[in-house]
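Now for the letters of each chain:
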Amino acid sequence: MKARGPWHRTAAVIAALTACATLTATQAQAAPAPRDAITPATEFYVDPHGKAAQQALADLRNGDLDDAANMARLASWPQAEWFTDGTPDQARAKADRLVRRARAVHRTPVLVAYDIPGRDCTQYSSGGAESSAAYRKWIDALAAGIGDSRAAVVVEPDGLALLPKDCGPATDPTGTLTAARVADLAYAVRTLKARPHTAVYLDAGNVQWRSVGDIAQRLLDAGVRAGDGFALNVSNNHPTEHNARYGTWIAKCMWFAADGPEQARGHTDWCASQYYSSAAPNDGSPGDSVSSADPSTWRWTDAWYDQNTGTPPAGDLRHFVIDTSRNGRGAWTPEPGKYSGDPEAWCNAPGRGLGPRPTADTGVPLVDAYLWIKVPGESDGSCTRNTGGTIDPEYGIVDPPAGTWWPEQAHALARNAVPRLRFNR
């Protein structure tokens, strides 16, 4: 068979870009989805003019046909729209434009609310509203912009797993800031869920962060039961199945402490986790205790829930969504001894790939959707691996600021996708 030449490859890329540009019309041909929370039939909105589509055109102009084709494929998949700043009027107008475009093609857009005061402990993604009062006006406006349209909203990535009290002993010595944060999150969940067709998921970190009981209590305190559930793995790369297991434990732990046996009320601290299970022998023998780094030992955590929660009524358990935008190859671990401090394994981790494609038909009972919440190709920040300089030693450059489009990272995620990246039809 004769090899395909550059002309044929260019034609293929142009065809893919044309398909991407007309994706709105293709979406419009689909039947309207149910106007309620996310169901397996829910289809998510694709912005045909997003950053990946723009990158595909840039790559094509530069003669980079392979990357152009991959960016066209990437652009065909749903990705979240982040709301990170701006005035209430700007947030309202932006949300209104987004939901109107999605409504016209019978799709559900995914929004991320990310403007909580004091976010990210003044780290790479620091910022947020100036006060709780300002934040609540901003949330009111965001909810007003969504209106009666269908939408899914992820509330404040890291906002609950990284409370002010977690930022250091001098940040919140009286607990006032933490109490305000929890109240603000509860307000956001309640206000957004008051819209008639909005699904709301409060961010809960990831499987290698807070213990099950810790994050379960935080979720309950922040009013997760007023929404649809919680979100996991945002901007991280831990395997989908690990987060699914963790999320199921969280859901059962919340039920156990809120609706389970009378003696368990308020005791999320009794729940087994990815770090410890009282169901294990814990006798020092290999495999006889839980290790977060060894999922084979998580059978002891499963055993605790089998013994203490059984099978709660399905309708009593909170559901969750998982960010799969960069976990196709799992978590990144630097070679031993390479870094003396925290290697920031979550921050622009090298060699990662896109994970499972966005879908609401996950086949996992409590997982409402796999979503690309973190926009593939946007930087996590100017990571330094705690080396004391400004250069990221994994890339040999100063990484772009958080949220900045980074073509090289987008290309790598697409090339390394597992499963292989194909066009969304």
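For the structure, see preceding data.
Summarised in this report is the structure supplied together with it.

This next bit is on the overall build of the protein. Across its full length, the protein holds 11 helices and seven strands. In summary, the protein has a C-alpha radius of gyration of 22 Å against a globular reference of 22 Å for 425 residues, a match within 12%. With the C-alpha coordinates of the protein rotated into their principal frame, the extents come out at 70 × 50 × 45 Å. In the protein, which comprises 425 residues, the proportion classed as buried is 53%. Intrachain contacts of the protein at a sequence separation of at least 6 include 75% that bridge at least 24 residues. Carbon and sulfur atoms make up 52% of the accessible area of the protein, which amounts to about 18100 Å² in all.

This part covers the environment of His197. For His197, the position within the fold is in the loop between helix 7 (176-193) and strand 4 (198-203). Considered as a pair, His197 and Ala258 are 61 residues apart in the sequence and their alpha carbons are 26 Å apart.

Here we come to the sheet that holds strand 2 (residues 110-113). Strand order in the open sheet made by the seven strands is 1-2-3-4-5-6-7, with parallel pairing throughout. Across the chains shown, the open sheet's two edge strands, defined by having one partner strand only, are strand 1 (81-83) and strand 7 (367-371). Direction aside, the axes of adjacent strands within the sheet are offset by 25° on average. As defined by bridge partners, strand 4 adjoins strand 5 (residues 229-232) across three bridges and the pair is classed as parallel. For Tyr201, the partnering residue across the bridge sits in strand 5 and is Gly229.

So, on to helix 4 (residues 65-75). Within an α-helix, residues lying three or four positions from one another point in the same direction, as the helix has 3.6 residues per turn. For helix 4, the buried fraction is high: nine of the 11 residues fall into the buried class. Residues of helix 4 that are buried: Leu65, Asp67, Ala68, Ala69, Asn70, Met71, Ala72, Leu74 and Ala75.

What follows deals with the packing of helix 3 (residues 51-61) against helix 4. In the contact formed by helix 3 and helix 4, the axes pass within 8 Å of each other and the chain directions differ by 165°. The orientation of helix 3 relative to helix 4 falls into the category roughly antiparallel. The way helix 3 lies across helix 4 gives a crossing that is left-handed. Residues Ala52, Ala53, Gln55, Ala56, Asp59 and Leu60 of helix 3 pack against Leu65, Asp67, Ala68, Met71, Ala72, Leu74 and Ala75 of helix 4. Considered class by class, the residues forming the contact of helix 3 with helix 4 number 10 nonpolar, one polar and two charged.

Take the state of the cysteines next. In the structure shown here, the tally under the stated rule is three disulfides. A disulfide bridge connects Cys121 with Cys167, and the sulfur atoms are separated by 1.8 Å. Here the S-S torsion is close to -70°, and the disulfide linking Cys121 with Cys167 is therefore left-handed. Residue Cys121 is found in the loop between strand 2 and helix 6 (132-146), and its partner Cys167 is found in the loop between strand 3 (151-155) and helix 7; the two are separated by 46 residues along the sequence. The buried category is assigned to Cys121, whose relative accessible area is 15%. A relative accessible area of 27% places Cys167 in the partly exposed class. Two residues, Cys253 and Cys271, share a disulfide whose sulfurs are 2.1 Å apart. Here Cys253 and Cys271 share a disulfide; its torsion about the S-S bond, 95°, makes the bridge right-handed. Of the two residues, Cys253 sits in helix 9 (residues 240-259) while Cys271 sits in the loop between helix 9 and helix 10 (299-308), which places them 18 residues apart along the sequence. You can call Cys271 buried: its relative accessible area is 9%.

Taken as a whole and assessed by the stated rule, the structure comprises 18 salt bridges. Arg100 is paired through a salt bridge with Asp96; the nearest N and O atoms lie 2.9 Å apart. Taken as a pair, Arg100 and Asp96 lie in helix 5 (residues 88-104) at a separation of four residues, close to a single helical turn. Taking the shortest distance from any N to any O, the salt bridge between Arg195 and Asp148 comes out at 3.5 Å. Within this pair, whereas Arg195 is found in the loop between helix 7 and strand 4, its partner Asp148 is found in the loop between helix 6 and strand 3, the two being separated by 47 residues in sequence. In this structure Asp148 comes out as partly exposed when scored by relative accessible area, which is 48%.

What follows concerns the side chain of Arg352. Looking at the element boundaries, Arg352 is found in the loop between strand 6 (319-323) and strand 7. Here Arg352 occupies a buried position and makes no salt bridge, while the nearest side chain of opposite charge, Glu394, is found at 8.9 Å. Of the polar contacts made by the side chain of Arg352, one reaches the backbone oxygen of Gly330; its length is 2.8 Å. Sequence-distant contacts of Arg352, that is, excluding residues within four places in its chain, are made with Asn237, Arg326, Arg329, Gly330, Ala331, Trp332, Ala412, Leu413 and Asn416.

Nonpolar side chains in soluble globular proteins tend to be buried together. One finds Leu111, Leu202, Leu219 and Ile250 to be the most contacted residues of the largest nonpolar core, which totals 66 residues. Looking at this core, the element that brings in the most residues is helix 9, giving nine residues. Non-local contacts of Leu202, meaning those with residues more than four positions away in its chain, are made with Val155, Leu160, Leu185, Val189, Leu219, Ala222, Val224, Gly229, Phe230 and Ala231. Tyr201, Ala231, Ala410 and Ala414 belong to the second largest nonpolar core, which has 35 residues in total.

About the criteria used
- Residues numbered from 1 in each chain as written.
- Predicted model: local features only at pLDDT ≥ 70, side-chain atom pairs only at ≥ 80, totals over all residues.
- Heavy atoms only, no water.
- Helix = DSSP H or I, 4+ residues; strand = E, 2+ residues; numbered from the N terminus.
- Rg over C-alpha atoms; globule rule 2.2 N^0.38 Å.
- Buried < 20%, exposed > 50% of the residue type's maximum accessible area, 1.4 Å probe, protein only.
- Contact = heavy atoms within 4.5 Å.
- Areas by Shrake-Rupley, 256 points an atom, 1.4 Å probe, with all protein chains shown as cover.
- Pairing = 2+ DSSP bridges.
- Axes fitted to C-alpha atoms, helices over the stretch in contact; angles between N-to-C directions.
- Parallel < 35°, antiparallel > 145°, perpendicular 65-115°, else oblique.
- Left-handed = near helix turned anticlockwise from the far one by under 90°.
- Nonpolar A, V, L, I, M, F, W, Y, C, P; charged D, E, K, R; others polar.
- Disulfide = S-S within 2.5 Å.
- Salt bridge = Lys/Arg side-chain N within 4 Å of Asp/Glu carboxyl O.
- Lys, Arg positive; Asp, Glu negative; His and termini not counted.
- Polar contact = N/O pair within 3.5 Å; in protein donor to acceptor, adjacent residues only side chain to side chain.
- Core = buried A, V, L, I, M, F, W, Y, C linked by side-chain atoms within 4.5 Å.

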